[in-house]
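# Topology and contacts: notes
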Amino acid sequence: MFRGKAFQVLKGAEIMKIVILGTADERLLAAVSGINSSEIVQCGAEEILPDTDCVLLTDQTPEPEQTAALLRSRTIPAAAVTADGSDERAEFWLDCGIDRIFVLPMPETLLQKRISALAGSAVCLPDAGFELFARIAESNQQRGAYAVHEPEFFNIYRFVQRLQERMDKQAQLVIFSFQARLDDTVEPGAMEEAFQIAQKCLRRGDIVSISGQRILAIMMGADKEGGYVAASRIVNTYQAYCSGSAYDLRFEMQTI
């Protein structure tokens, strides 16, 4: 599987997460690391989480057109970083749907400012967020959490992220994934089965979605302890109802 690098950057009191896809040269790595980097983790293009502030695509990004389309559907700001300043290369990235292009070499401080501006360009207007919640509530009549498509989940995450800045209550992002006992292949239907359990175990007002080979959930108003209890209940319910499954369900959690 293709792997990339995700940088968590501390700027002021906020954590800014930057994902680099493809092979980054030393100039780009130095620029990103220079913005007070705090952690580097591995992720693939389809494993990008909704807390990502921006994505940088290099010339070695596999399947750039498909990757660009995926990022647009998730409304994640993206830019191409290239050492090729030719018109042909610019046209290539524009045809892929990437309209921000950073051509190297570039002064490091300028590149850092452009990356920071890119990361800050994902805007979710409060009114639009409330309208999205209202539409989802109207269309979801089933018991349990609101089930949404992946692009809606990413938009809701950003709305909740901004809403939390004004409220005392917390919210938790929970990522459920399978750990296969025999191989890494998830059989058809297994993800949907786990998704139904997660959706029914969560409360009305929580948000849940399938993203690739993972289930993403936003637990509204939940602190770490409450989120852990709810996530553990989902895992235990899955293991009880699917005792013959070839997979174990795992989860990771982080405060929004």
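Preceding block: the structure.
We now turn to the structure provided with this report. (Residues numbered from 1 in each chain as written. Predicted model: local features only at pLDDT ≥ 70, side-chain atom pairs only at ≥ 80, totals over all residues. Heavy atoms only, no water.)

### As for the nonpolar core
- Membership of the largest hydrophobic core comes to 30 residues, with the highest contact counts inside it found for I48, V55 and F153.
- Within the residue set of this core, elements represented by two or more residues are β2 (14-21), β4 (54-58), α2 (64-73), β5 (78-82), α3 (87-96), α6 (150-164), β8 (171-180) and β10 (214-220).
- Among the elements that take part in this core, α6 stands out by supplying 5 residues, more than any other.
- Not counting the four nearest positions on each side in its chain, V55 is found in contact with V19, L21, I48, L71, I76, P77, A78, A79 and L118.
- Core analysis: the second largest hydrophobic core is formed by 24 residues, I197, A217, V235 and L249 among them. (Core = buried A, V, L, I, M, F, W, Y, C linked by side-chain atoms within 4.5 Å. Buried < 20%, exposed > 50% of the residue type's maximum accessible area, 1.4 Å probe, protein only. Helix = DSSP H or I, 4+ residues; strand = E, 2+ residues; numbered from the N terminus. Contact = heavy atoms within 4.5 Å.)

### Describing the pattern of salt bridges
- Tallied over the full model, the rule gives 6 salt bridges.
- A salt bridge links D51 to K17; the nearest nitrogen and oxygen atoms lie 3.3 Å apart. Placement of the pair is D51 in the loop between β3 (37-43) and β4 and K17 in strand β2, with a sequence separation of 34 residues.
- For D51, a relative accessible area of 10% translates into the label buried.
- For K17, a relative accessible area of 11% gives the class buried.
- A salt bridge links R250 to D248; the nearest nitrogen and oxygen atoms lie 3.8 Å apart.
- R250 gets classed as partly exposed once you look at its relative accessible area, which sits at 40%. (Salt bridge = Lys/Arg side-chain N within 4 Å of Asp/Glu carboxyl O.)

### A short note on the environment of L111
- For L111, the location among the structural elements is in helix α4 (residues 108-119).
- For L111, a relative accessible area of 1% puts it in the buried group.
- For the pair L111 and L28, spaced 83 residues apart in sequence, the C-alpha separation works out to 8.3 Å.

### Considering the packing of helix α7 (residues 190-201) against helix α8 (residues 224-241)
- At a closest axis distance of 9 Å, the pairing of α7 and α8 adopts a crossing angle of 135°. Classed by the angle they form, the pair α7 and α8 counts as oblique. Here the hand of the crossing between α7 and α8 comes out right-handed. Contacts between α7 and α8 involve A194, I197, A198 and C201 on the former and, on the latter, R233, I234, T237, Y238 and Y241.
- Of the residues in the contact of α7 with α8, the class split is 7 nonpolar, 1 polar and 1 charged. (Axes fitted to C-alpha atoms, helices over the stretch in contact; angles between N-to-C directions. Parallel < 35°, antiparallel > 145°, perpendicular 65-115°, else oblique. Left-handed = near helix turned anticlockwise from the far one by under 90°. Nonpolar A, V, L, I, M, F, W, Y, C, P; charged D, E, K, R; others polar.)

### Describing unusual backbone geometry
- Omega for the peptide link from L104 to P105 comes to 5°, which places this bond in the cis form.
- Tracing the sequence through the fold places P105 in the loop between β6 (101-103) and α4.
- You will see that E63, though not glycine, has its phi angle at about 45°, which is positive.
- Mapped onto the elements, E63 comes out in the loop between β4 and α2.
- The residue T75 is not glycine, and still its phi comes out positive at about 55°.
- Along the polypeptide, T75 turns up in the loop between α2 and β5.
- A relative accessible area of 34% means that T75 is categorised as partly exposed.

### So, the packing of aromatic side chains
- Evaluated as defined, the whole model comprises 5 aromatic pairs.
- Ring centres of F92 and W93 lie 5.2 Å apart, and the angle between their planes is 70°; on these two criteria the pair is classed as edge-to-face. (Phe/Tyr/Trp six-rings, centres within 6.5 Å; stacked < 30°, edge-to-face > 60°.)

### A closer look at α7
- Taking 1.5 Å of rise per residue, the 12 residues of α7 would be expected to cover 16 Å, and the 17 Å separating its terminal C-alpha atoms lies within 8% of that figure.
- Regarding α7, the residues found buried are A190, M191, A194, F195, I197, A198 and Q199.
- Against β7 (146-147), β8, β9 (207-211), β10, α8 and β11 (247-255) lie the buried residues of α7. (Expected span 1.5 Å × (residues − 1).)

### Considering the packing of helix α1 (residues 26-33) against α4
- Closest axis-to-axis distance for the α1/α4 pair is 9 Å, and the angle between their directions is 65°. The angle between α1 and α4 places the two elements in the roughly perpendicular class. In this structure, α1 crosses over α4, and the sense of that crossing is right-handed. Contacts between α1 and α4 involve L28, A30, A31 and V32 on the former and, on the latter, E108, L111, Q112 and I115.

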